[in-house]
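Overview (structure and organization)
Each chain, written out:
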Amino acid sequence: MRATVLIVTVVLLVLAGCASAPPADPGSDDYYLGAGRGESLGEAMNAAKMDAVRKAVIDLIGAEAEAAQAGELEDVLYSTRNPNAYVYNETMETLHRDGSLIDGDLRYEIRIRVNVPAVRRTLEANGIRADVARPPAARPADQDAGATDRDERETGTVAAIPAPDPVEVSPAERRFISRYVDTMTYMVYFADRAVDEIPDGEFVLRSAVNQANGYLVSRGHLVVDAAQVEQLRRDQELVYEEQTGRELSLLQWVARRLNADVYIEIDARTSSRTSGSGHYATADVTLSMYETSTGQILGSVNRRSQESFSRTSQADAAVNALQSTVHQAMPQAVDMSERQMERMLTRGIRYELVLQRPPDARSLSRFRTAMQEEVRTIATVSQSPQEVLYEVFFVGSSDDLIDLIFVVSDRVAGFDSLDLVISRGRSLTFDAGF
């Protein structure tokens, strides 16, 4: 028991030392006090960080607005799995700590600089008013921007691509979108261009892919096995070129074939050195997230690692640096993907609808017009006497769309014999029988 208490005490002291930062400028208005409780040090620290973020939100929109929109703020900001996206972690100063790791009840009090521009962007992206004036001590926006840029270069950058304005959805559609986002399948792979930039590139980058997949699996997300990605890339690249003419990237084509909803491309650079018997490396990693069916970029996250050490080799040091950096970036990559997808999906999921042996052009026009009344949008991609290809955006599952197509076909002349040939992922093929 004494040994356990000693270990816990040492861990607390080490973590407290790591978390502490030099005293902050007392005149800076971006620094806030925060307090939080948790069963572990990590939980308590994160709760304290988000308490500081909450105080920044109150400064931005006012206490009354913050209280009135508490539920939405909890959904889009306070419940984030990555509090470090909204604070400058290196500025955290531990003020007080008490409680027990053994009892699972810890309290943490901190002082930390909040990334106010990042908080403001999140509020505005979700329609939460952020135009209330800051306190008199606030620095001008242009002065603050320089400091923000410097800090982002040191700790990493995040770029969220503006998603289309959301379309009004029904409660049933909202529930579908929520379920869809919660159960999305992710595919992670590395950019081909990164292989030549890193010694032992494929080996090192596969370790980064495995690290990202491990993070996703540990949090209950569905993941495409990296071995499947490699096999499809290796065995069917010629098919890819014949089918697409390289209109899609190979990675997007693979993601479509493996029915991934979101694919994440890892691009990385490493720098290594040897000093005496030790090997050192740093990594600069960019995760770019894409919606598979359209190739729409959802955002990107860049992180730079601290120098890692290995007694084995420079490649081993590079693996350590790359894995730790990917692990740090993944929470924000997933959080951004989910938020952007929720907005994009209000405009519908993209499906490919193929009609083989179609009727005459007039009948096809009537069918397309009838479908337009039931879906977000439908457009003809290609048309020939043998086959018609439509692009359909629809809020619902493939089964829902199949049912809808049969309903529409029953009321459009010339589609009495419509029959489903094959349904694979988001591609539906029907035979019209002409």
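Please refer to the structure higher up on the page.
Right, let's walk through the structure included here. (Residues numbered from 1 in each chain as written. Predicted model: local features only at pLDDT ≥ 70, side-chain atom pairs only at ≥ 80, totals over all residues. Heavy atoms only, no water.)

**Some details on helix α12 (residues 250–257)**
Of all eight residues that make up α12, six are buried, and the element is covered over most of its length. Those residues of α12 that sit buried are Leu250, Leu251, Gln252, Trp253, Val254 and Ala255. Backbone geometry just downstream of α12 places Asn259 in the positive-phi region, at approximately 60°. (Buried < 20%, exposed > 50% of the residue type's maximum accessible area, 1.4 Å probe, protein only. Helix = DSSP H or I, 4+ residues; strand = E, 2+ residues; numbered from the N terminus.)

**As for the pairing of strand β5 (residues 185–190)**
For β5, the buried fraction is high: six of the six residues fall into the buried class. Neither face of β5 is exposed, since Thr185, Met187 and Tyr189 on one face and Tyr186, Val188 and Phe190 on the opposite face are all buried. In this structure, β5 lies alongside strand β7 (residues 262–275), joined through five bridges in parallel fashion. Bridging from a neighbouring strand, Tyr186 pairs with Val262 of β7. (Pairing = 2+ DSSP bridges.)

**Overview of the pairing of strand β8 (residues 278–291)**
Consecutive side chains of a regular strand alternate in pointing toward one face of the sheet and then the other. In terms of burial, β8 is largely enclosed, as ten of its 14 residues are buried. Where β7 and β8 come together, 14 bridges link them in antiparallel fashion. Paired with Tyr263 across the two strands is Tyr290, which belongs to β8. Here β7 folds back onto β8, and the loop between the two strands holds two residues, one of which, Gly276, carries a positive phi near 65°. Where β8 meets strand β10 (residues 308–310), three bridges bridge the pair, whose relative direction is antiparallel. Looking across to β10, one finds that Tyr280 is bridged to Phe309. Two elements, β8 and strand β9 (residues 297–304), share seven bridges in a ladder whose sense is antiparallel.

**A look at the pattern of salt bridges**
Following the criterion strictly, the structure yields 21 salt bridges and no others. Note that Asp30 and Arg113 form a salt bridge whose closest N and O atoms lie 3.7 Å from each other. With a gap of 83 residues between them, Asp30 in the loop between α1 (2–19) and β1 (31–38) and Arg113 in strand β3 (residues 105–114) connect regions that are remote in the sequence. Like Arg113, Asp30 is buried. Arg426 is paired through a salt bridge with Glu291; the nearest N and O atoms lie 3.2 Å apart. (Salt bridge = Lys/Arg side-chain N within 4 Å of Asp/Glu carboxyl O.)

**What about unusual backbone geometry?**
Even without being glycine, Asn259 reaches a positive phi, approximately 60°. Considering the arrangement of structural elements, one finds Asn259 in the loop between α12 and β7. Assessed through its relative accessible area of 43%, Asn259 is described here as partly exposed. The phi angle at Arg357 is positive, at roughly 45°, despite the residue not being glycine. When its relative accessible area of 43% is taken as the criterion, Arg357 is described as partly exposed.

So far we have only geometry, and geometry alone does not tell us how the molecule works.
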